[in-house]
Amino acid sequence: MKKIWLAILVFAVFLAAGIPSLSVAAQNTAYQKENSFFSEEDVSSILGGVTNLIQSFNAEAVYDGLKAALDMSKLFGFWETPYFENIQNFMITKGQEQISNFAQADYLEQLIAKAYADQNKPNHNKSSFSKNSGFLITGPDSFEIQMSAKGTVKGNHISLFSFDGTPLTEIDLSVNPTDPNQLIIYGMDMADQSSKTYYLEISNREISLDSDTDSIFSLWFRPGERILIEIPSSESEVELAFDKKAYKITGTVSSPEQTMEIELELNPLRNRIALALNGTPVVWIESDPAKNSLDLVFADTELLMEFDDDAHEILGTLYAADQQSQFKLICDKPSNSLALEMVIEGEMTELFKLAFSKQANGVSLNSAGGLIFSATIDQEKGTMTINDSSGFRVLDESQILDLINSSIKTGPEAETEVVDNFLNDEEETAVPEEEIIPTAAPISSPTEIPTTVPVAVPTLDAGI
């Protein structure tokens, strides 16, 4: 299964790191045509992406994730892996193995089909990649990149479409018939029929990526666990050396403008991270798992963080010059919320509280106990209910689209459009009168959606 997801990761990286740029012309054409960044067909995917974020958010996991930094022996365990004994052999061998797989005419199609079958097995646990990346396998030969595009796979051929079905890009992956260590990635922009080809080549001492017009980067392996990375477009190079005994990575970054020496210590025994540039310390981080504390020093500032496992709280003390300030981050499991408090005039005061309600499929933001903003999503109806200083508004897909596109645009015209469309334009964005809740309507809790709403709107969890 690891092999399956590794290959899918490679495939997704290709999509994210350059191939989708072939569809930029198509998207620009659509924008010029419709004067919008997204179409109404995209809204359901956007709402799905936001829903996925709400449903997967876990305040307790946020605390656990931050606390994981205390045990650097786990974070930096890669020093002890057998792969690190010979970086060159590991990267070259695994890379060439992945390229050779594309000699199978239906390699990608098999990967997608197997992954789709696996994810539909009872008690299947989705990988963290599929959960968090927004890359979803929707069928034995189809996938979706949330809020971006959808696609199909036939053999080693990928077809990308917008959510309204407009063809964006066609991508072919194949092994060079005269060089088994070179993967050819060919893409065609369906809007203007322009094409571009990338070549990923892995030899015994080099990994390189080139296009049919440019050299993008080269990674060279040198004796003594040293790596040289060359980036022709910026006339720069990075040389790295790995010292396992000292748990240090040293390097030189060179460009026409300057040369910089880097020293990075990733020490699992002393639970330490230290970064120096040109011999000058920049950041120093050291943890004490026994005391549940993390100490960070950067420039002339020190931050001490103390973890309380029972309350799921992190107390921070910031020392800067002759000043000292304290704050507290609370990761509350019952309300699935994050709250930031700070000592102001001798008292701990709430600055904000961000809560996620899985039951209501919503999110709310409070400050000093008062509601600033809340929103819930109804995927089936394709609506979003917003509550803020302007009162309640139930937006349908077209109104959500106007809000998103207006928020993305920039410049004086865009600012005018945001105000006109979202706040004042009754013809385009006004909610039917029976669905509007007056701003003076009584609210039982600063974080709840009132139950007097005459439309079917879920209520945020109490206490959020």
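Residues numbered from 1 in each chain as written. Predicted model: local features only at pLDDT ≥ 70, side-chain atom pairs only at ≥ 80, totals over all residues. Heavy atoms only, no water.

K.L.:
In this structure, what is going on with the overall build of the protein? I would like to understand it.
P.N.:
Tallying secondary structure elements over the protein gives eleven helices and 25 strands in all. Burial status across the protein gives 39% buried among its 464 residues. By sequence separation, contacts in the protein at least 24 residues apart represent 36% of the contacts at least 6 residues apart. (Helix = DSSP H or I, 4+ residues; strand = E, 2+ residues; numbered from the N terminus. Buried < 20%, exposed > 50% of the residue type's maximum accessible area, 1.4 Å probe, protein only. Contact = heavy atoms within 4.5 Å.)

K.L.:
What exactly am I supposed to notice about helix α7 (residues 107-119) here?
P.N.:
Note that an α-helix has 3.6 residues per turn; residues three or four places apart therefore point the same way. Compared with the 18 Å implied by 1.5 Å per residue over 13 residues, the 18 Å span of α7 between its first and last C-alpha is a close match. Residues of α7 that are buried include every one of Tyr107, Leu108, Leu111, Ile112, Ala115, Asp118 and Gln119, and no others. All buried residues of α7 fall inside an arc of 135° around its axis, so they share one side. (Expected span 1.5 Å × (residues − 1). Arc of directions from axis to C-beta.)

K.L.:
I'm lost on the nonpolar core in this one. Help?
P.N.:
Generally speaking, soluble globular proteins have nonpolar side chains that are buried together. In terms of nonpolar packing, the biggest core is built from 56 residues, with Ile158, Leu173 and Leu294 touching the most fellow members. Counting residues in each nonpolar core, the second largest holds eleven residues, with Val43, Ile46, Met384 and Leu395 among its members. (Core = buried A, V, L, I, M, F, W, Y, C linked by side-chain atoms within 4.5 Å.)

K.L.:
When you look at the packing of aromatic side chains in this model, what are you seeing that I'm missing?
P.N.:
The geometry of two aromatic rings is summed up by the distance between their centres and the angle between their planes. Evaluated as defined, the whole model comprises six aromatic pairs. Ring centres 5.9 Å apart and planes at 65° place the aromatic pair Tyr63 and Phe307 in the edge-to-face group. Of this pair, Tyr63 sits in helix α4 (residues 59-67) while Phe307 is found in strand β17 (residues 301-308), placing the two residues 244 residues apart along the sequence. Each member of the pair, Tyr63 as well as Phe307, is classed as buried. In textbook terms, an aromatic cluster arises when at least three aromatic residues are bridged by ring pairs, as seen for Phe76, Phe78, Trp79 and Tyr247. (Phe/Tyr/Trp six-rings, centres within 6.5 Å; stacked < 30°, edge-to-face > 60°.)

K.L.:
Explanation requested: unusual backbone geometry in the structure shown.
P.N.:
In terms of backbone geometry, most residues other than glycine have negative phi values and most peptide bonds are trans. Even without glycine at this site, Asn292 takes up a positive phi of about 55°. Its place among the elements puts Asn292 in the loop between β15 (280-288) and β16 (293-298). Not every positive phi belongs to a glycine, and Ala321 is a case in point at roughly 55°. For Ala321, the position within the fold is in the loop between β18 (313-320) and β19 (323-332).

K.L.:
I tried to follow the pattern of salt bridges on my own but got confused; where do I start?
P.N.:
Oppositely charged side chains can form a pair if their charged atoms are brought close together. Applying the stated rule across the entire model yields ten salt bridges. Ionic pairing is found between Lys114 and Asp118, a salt bridge with its closest N-O pair at 3.1 Å. Of the two residues, Lys114 and Asp118 both sit in helix α7, four residues apart, roughly one turn of that helix. Classification of Lys114 as partly exposed rests on a relative accessible area of 41%. Judged by relative accessible area, Asp118 falls into the buried class, the value being 8%. We note a salt bridge from Lys328 to Glu313, for which the minimum N-O separation is 3.6 Å. In this pair, Lys328 sits in strand β19 while Glu313 sits in strand β18, placing the two residues 15 residues apart along the sequence. (Salt bridge = Lys/Arg side-chain N within 4 Å of Asp/Glu carboxyl O.)

K.L.:
Can you help me understand the side chain of Thr317 in this one?
P.N.:
Within the fold, Thr317 resides in strand β18. The exposure class assigned to Thr317 is buried, which follows from its relative accessible area of 3%. Within the structure, Thr317 has its side chain in polar contact with the side chain of Gln326 (distance 3.3 Å). When sequence neighbours within four positions are dropped, the list of residues in contact with Thr317 reads Glu302, Leu303, Leu304, Gln324, Ser325 and Gln326. (Polar contact = N/O pair within 3.5 Å; in protein donor to acceptor, adjacent residues only side chain to side chain.)

K.L.:
Just to check I follow, could you spell out the pairing of strand β14 (residues 272-277) for this structure?
P.N.:
Along a regular strand, successive side chains alternate from one face of the sheet to the other. Only one face of β14 is covered, namely the face carrying Arg272, Ala274 and Ala276; the face carrying Ile273, Leu275 and Leu277 is uncovered. As defined by bridge partners, strand β13 (residues 259-267) adjoins β14 across six bridges and the pair is classed as antiparallel. Among the inter-strand pairings, Ile262 is bridged to a residue of β14, identified as Leu277. Counted along the chain from β13 to the antiparallel partner β14, the turn is four residues long, and its residue Asn271 has a positive phi close to 50°. Connecting the antiparallel pair β14 and β15 is a turn made up of two residues, with Asn278 showing a positive phi of about 50°. (Pairing = 2+ DSSP bridges.)

K.L.:
Help me understand a nonpolar patch on the surface in this model?
P.N.:
A cluster of nonpolar side chains, namely Ile344, Leu351 and Phe352, defines an oily patch on the protein surface of about 210 Å² accessible area. Counting through the fold element by element, Leu351 comes out in strand β21 (residues 347-357). (Patch = residues over 30% accessible without salt bridge, like charges linked within 9 Å, V, L, I, M, F, W, Y side chains within 5 Å. Areas by Shrake-Rupley, 256 points an atom, 1.4 Å probe, with all protein chains shown as cover.)

K.L.:
Looking at this structure, how should I read the side chain of Glu341?
P.N.:
Inspection of the secondary structure puts Glu341 in strand β20 (residues 337-344). Look past the residues within four positions of Glu341 in its chain and what remains in contact with it is Phe327, Lys328, Ile330, Met348, Thr349, Glu350 and Leu351.

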